[in-house]
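The primary structure of each chain is shown beneath.
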Amino acid sequence: MFLRSQVRKKDGKEHTYWSVVENKRLHDGRVAQRQVLYLGEVNDSQRAAWRKTLDAHSPDSDATAQIALFPHDRPAPEDDARVVRIRLDQLSLHHPRQWGGCWLALELYRQLGLDTFFAAQLPVSRKGTRWDQILQVLVTQRLLAPGSEWQLHRDWFERTALADLLGGDFGLAEIHKLYATLDQVLPLKEKLFAHLRDKWSDLFGAKYEVLLYDLTSTYFETNTPEDPADPRRHGYSRDHRPDCPQVVIALVVTPEGFPLAYEILPGNTADNTTLQGFLEKIEARYGQAQRVWLMDRGIPTEAVLTQMRASDPPVNYLVGTPKGALTALEKALLERPWETVRDGVQVKLLPQDGEVYVLARSVGRVGKERAIRRKKLRRLLARLHELRKQSPGRDKLLMALGAAKKEAGRFYTLLKITVPAADQIVSAETFSFRCDRPRLRVVRRREGRYLLRSNLTGRPPAELWTFYTQLVQVEEAFKNLKGDLRVRPVYHQKLERIEAHILVAFLAYSLHVCLRQRLKAVAGGLTSRAVLEKFCTVQMVDVHLPTTDGRTVILTRHTQPEKELQVLLEQLNLTLPAQPPPKITAAAALAV
């Protein structure tokens, strides 16, 4: 390791920043540099102290031979050249690194056939770079410890056993190669979707008659780009960050949660303008068939629904409908009987103009929505009483009411609030509030109810309701992408790498789903994240055994799994690989 400086000009002055850098010898003889520590600006004495404490390590020899080990204080054959006497009293452990989670990630990658798929699509470069293996590193990091490519290069890769598992070295984590891999993988997106479609069918018997479609967004903590073609734009933020530009992600999954495809759209794209293009792409990918699309309210327009009904063959759909539509249908629905589809859930069906409206009522949802409303109203009333006691100026009162309205949301309209005129002071007479009882009765009556709309006429009510509840799978996908796999923050500036970053997250989510489906067969309560954490407890270490002749025998070993992990391995029908063969160094090769 050594010190490396970088000179930058700032405010007309030159500043020298220092880093501790390590040379890593690659299999092809080249040397790659890894930044170990960033020191910033240091003075002369500090720099001298760092240089004094940095040691230069000699590279290990790769030569191997069959040997027989004997303790140095035990008798051994004198005429056998393979005999090596070791000093057990000087045994030491080196380079502990995470092995189990990496092995499981690569095993899931293999089960989905992604290793062979990308090996064929990303051939080895003329310099010997394995782009497919670098992609495995990127996906594994996104699954186990999401972070930036720079963090992977600088810190994470060295703390894992990926080099051992992939038969590579630090060349798999060179920073410029990580970025170059992102540049190469993006054009393979459509081929990847086709590959995953076949794999979900082969491994889990997935069907594509019912598809779930929904949208989410991810934001960027940066200024809006000046390039009009850049999709990072301000729009409706599902992350409650309207101050940041964003992109919209449209995702299609099956009812079991298998991800099939996604698209990246400009951040200012309206929800109801996205569906038509996706329908055409899915038809081109899977053919025209009797397929059911499940969507939340606000995504399809009336024109798109009409086109779906008129197509040949018709495209079936089941979509959520805003509660406001209940006003026009409420009288007709009152005459319809309730049908029980499961404990605590009842539905009414209303056929109309080639469609059927489904009004669902959930006892559990009634209690939840009622509790939310009461909590919001209590806070709003407490704030209004507080403002009445304070008697602020009219302008301050209006500002405070605006803040209270934002916090109360739609429940703010359940109160009739009178504010003083421009020439009046704030008093109990000019500032008053009371409950809007007719509106409250309407809201209370509709709590726990939601309206669905479909062209699946003649289907049983229970089937329609079950279809719609499967939308939770696409919501779970967004939750995992944003939470568990941390698709944001996005550190890239180039549009192509932003899209490639999301593609890597999509691949990691595919591994996540593959593991979840394997776990469903053995225990429904086990989560993918809990199992990954169990596997991550298995470490790999280098056991150094000094010999009496100055050499060192190196045994690279992964730790034995604990009992609960052994049970998991058996239930998942997984077998850990054999321990790597030992190595022995030349005399004094490890001397510092």
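Worth saying up front: this structure is predicted, and the values here are computed from it rather than measured. (Residues numbered from 1 in each chain as written. Predicted model: local features only at pLDDT ≥ 70, side-chain atom pairs only at ≥ 80, totals over all residues. Heavy atoms only, no water.)

### Concerning the overall build of the protein
Next up, step 1: Scanning the protein for helices and strands turns up 19 helices and 20 strands.
Next up, step 2: For 592 residues, the compact-globule estimate of 2.2 N^0.38 gives 25 Å, and the protein exceeds it by more than 25% at 31 Å.
Next up, step 3: Structurally, the protein occupies a C-alpha span of about 100 × 60 × 45 Å along its principal axes.
Next up, step 4: For the protein, buried positions account for 47% of its 592 residues.
Next up, step 5: Sequence separation of 24 or more characterises 64% of the internal contacts of the protein that already satisfy a separation of 6 or more.
Next up, step 6: For the protein, the exposed surface amounts to about 30,500 Å²; the carbon and sulfur share of it is 51%.
Next up, step 7: Each charge sign in the protein was given a centre, from 88 positive and 69 negative side chains, and these centres are 7 Å apart. (Helix = DSSP H or I, 4+ residues; strand = E, 2+ residues; numbered from the N terminus. Rg over C-alpha atoms; globule rule 2.2 N^0.38 Å. Buried < 20%, exposed > 50% of the residue type's maximum accessible area, 1.4 Å probe, protein only. Contact = heavy atoms within 4.5 Å. Areas by Shrake-Rupley, 256 points an atom, 1.4 Å probe, with all protein chains shown as cover. Lys, Arg positive; Asp, Glu negative; His and termini not counted. Charge placed at Lys NZ, Arg CZ, Asp CG, Glu CD.)

### Description of the sheet that holds strand 12 (residues 339-342)
The strands making up a sheet associate through hydrogen bonds between their backbones, and the pairing can be parallel or antiparallel.
Next up, step 1: Strand order across the open sheet formed by nine strands is 9-8-7-10-11-17-14-13-12, with mixed pairing between neighbours. One side of each edge strand has no neighbouring strand; the edge strands of this open sheet are strand 9 (259-266) and strand 12. Recorded for the sheet is a direction-independent mean angle of 25 degrees between the axes of neighbouring strands.
Next up, step 2: Taken together, the eight bridges between strand 7 (residues 210-219) and strand 8 (residues 246-253) define a ladder with antiparallel strand orientation. (Pairing = 2+ DSSP bridges. Axes fitted to C-alpha atoms, helices over the stretch in contact; angles between N-to-C directions.)

### Structural notes on the sheet that holds strand 19 (residues 552-558)
Next up, step 1: The four strands are arranged 6-18-19-20 in an open sheet whose pairing can be described as antiparallel. The open sheet has two edge strands, strand 6 (92-98) and strand 20 (583-584), and neither has a second partner.
Next up, step 2: The pairing of strand 18 (residues 539-546) with strand 19 spans seven bridges and is classified as antiparallel. Bridge pairing in strand 19 places Leu 545 opposite Val 553.

### A short note on a positive patch on the surface
Next up, step 1: On the surface, Arg 374, Lys 375, Lys 376, Arg 378 and Arg 444 cluster together to form a positively charged patch.
Next up, step 2: When residues in the positive patch are grouped by element, the largest group, four residues, is from helix 12 (residues 363-390).
Next up, step 3: Along the chain, Arg 444 turns up in helix 14 (residues 437-446).
Next up, step 4: By relative accessible area, which is 43% here, Arg 444 ends up partly exposed. (Patch = residues over 30% accessible without salt bridge, like charges linked within 9 Å, V, L, I, M, F, W, Y side chains within 5 Å. Salt bridge = Lys/Arg side-chain N within 4 Å of Asp/Glu carboxyl O.)

### Some details on the pattern of salt bridges
Next up, step 1: By the definition in use, this model includes 30 salt bridges.
Next up, step 2: Here Asp 155 and Arg 159 are joined by a salt bridge, their closest N and O atoms 2.8 Å apart.
Next up, step 3: Given a relative accessible area of 32%, Asp 155 falls into the partly exposed group.
Next up, step 4: A salt bridge links Arg 446 to Glu 330, with the shortest nitrogen-to-oxygen separation between them at 3.4 Å. One end of the pair, Arg 446, is in helix 14; the other, Glu 330, is in helix 11 (residues 326-334), with 116 residues separating them in the sequence.
Next up, step 5: The class for Arg 446 is buried, based on a relative accessible area of 12%.
Next up, step 6: Salt bridges sharing common partners tie together Glu 302, Arg 309, Glu 355 and Arg 453.

### Here we look at the state of the cysteines
Next up, step 1: A full pass over the atoms with the stated rule returns zero disulfides.
Next up, step 2: Cys 514 takes part in no disulfide bond, and the closest cysteine sulfur to it belongs to Cys 536, at a distance of 17 Å. (Disulfide = S-S within 2.5 Å.)

### Observations regarding the environment of Arg 518
Next up, step 1: Note that Arg 518 resides in helix 17 (residues 495-520).
Next up, step 2: The spacing of Arg 518 and Lys 368 is 150 residues in sequence and 33 Å in space, taken between C-alpha atoms.
Next up, step 3: If near-sequence neighbours (up to four positions away) are discounted, Arg 518 is found in contact with Gln 111, Leu 203, Phe 204 and Leu 572.

### Here's the deal with the pairing of strand 2 (residues 13-25)
Looking down a regular strand, the side chains alternate between one sheet face and the other.
Next up, step 1: Bridge count between strand 1 (residues 2-10) and strand 2: nine bridges; the pairing is antiparallel. Bridging across to strand 2, Val 7 finds its partner in Thr 16.
Next up, step 2: Connecting the antiparallel pair strand 1 and strand 2 is a turn made up of two residues, with Asp 11 showing a positive phi of about 55 degrees.

### Concerning unusual backbone geometry
Next up, step 1: Each neighbour pair has its own omega, and for Arg 488 with Pro 489 the value is 5 degrees, a cis peptide bond.
Next up, step 2: Along the chain, Pro 489 turns up in the loop between helix 16 (472-484) and helix 17.
Next up, step 3: For His 240, which is not glycine, the phi torsion reads 60 degrees and is therefore positive.
Next up, step 4: Turning to its location among the elements, His 240 is positioned in the loop between strand 7 and strand 8.
Next up, step 5: For Asp 353, which is not a glycine, the phi torsion comes out positive at approximately 55 degrees.

### A look at the packing of helix 2 (residues 100-111) against helix 17
Next up, step 1: Close contact between helix 2 and helix 17 brings their axes to 9 Å; oriented N to C, the two are set at 90 degrees. Taken together, the axis directions place helix 2 and helix 17 in an arrangement best described as roughly perpendicular. Each of Leu 104, Ala 105, Leu 108, Tyr 109 and Gln 111 in helix 2 lies in contact with helix 17, whose residues at this interface are Leu 511, Cys 514, Leu 515 and Arg 518. (Parallel < 35°, antiparallel > 145°, perpendicular 65-115°, else oblique.)

### Observations concerning the side chain of Glu 369
Next up, step 1: Here Glu 369 lies in helix 12.
Next up, step 2: Judged by its relative accessible area of 13%, Glu 369 falls in the buried class.
Next up, step 3: A polar side-chain atom of Glu 369 sits 2.9 Å from the main-chain amide nitrogen of Gly 448.
Next up, step 4: Excluding residues that lie within four positions of it along the chain, Glu 369 makes contacts with Lys 323, Arg 446, Glu 447 and Gly 448. (Polar contact = N/O pair within 3.5 Å; in protein donor to acceptor, adjacent residues only side chain to side chain.)

### A word on the confidence of the model for the protein
One rule of thumb: low pLDDT means the predicted coordinates there are not for detailed reading.
Next up, step 1: Per-residue confidence for the protein averages 85 on the pLDDT scale, and 91% of its residues sit at or above 70.
Next up, step 2: This stretch, residues 588-592, has a pLDDT under 50; its non-local contacts, to residues over four places away or in other chains, come to eleven contacts. (pLDDT = per-residue confidence, 0-100.)

### Thoughts on the pairing of strand 7
Next up, step 1: With ten of ten residues buried, strand 7 lies mostly within the body of the structure.
Next up, step 2: Residue alternation in strand 7 divides its side chains into two sets, Val 210, Leu 212, Asp 214, Thr 216 and Thr 218 and Leu 211, Tyr 213, Leu 215, Ser 217 and Tyr 219, and both sets are buried.
Next up, step 3: Judged from the four bridges that link them, strand 7 and strand 10 (residues 292-295) form a sheet pairing that is parallel. Counterpart to Leu 211 in the pairing with strand 10 is Trp 293.

### Some details on the packing of aromatic side chains
Centre-to-centre distance and the angle between the planes together describe a pair of aromatic rings.
Next up, step 1: Throughout the structure, instances matching the rule amount to 13 aromatic pairs.
Next up, step 2: Note on Phe 204 and Phe 258: the rings are 5.4 Å apart at their centroids and 20 degrees apart in plane angle, and the pair reads as stacked. Placement of Phe 204 in helix 8 (residues 189-204) and of Phe 258 in the loop between strand 8 and strand 9 is noted, with a sequence separation of 54 residues between them.
Next up, step 3: Among the residues examined, Phe 204 registers a relative accessible area of 21% and is labelled partly exposed.
Next up, step 4: Three or more aromatic residues joined by ring pairs make a cluster, and in this case those are Trp 99, Trp 103 and Phe 535.
Next up, step 5: Directly above the ring of Phe 220 sits Arg 232, whose terminal nitrogen or CZ lies 5.7 Å from the centroid. (Phe/Tyr/Trp six-rings, centres within 6.5 Å; stacked < 30°, edge-to-face > 60°. Lys NZ or Arg CZ within 6 Å of the ring centre and 35° of its normal.)

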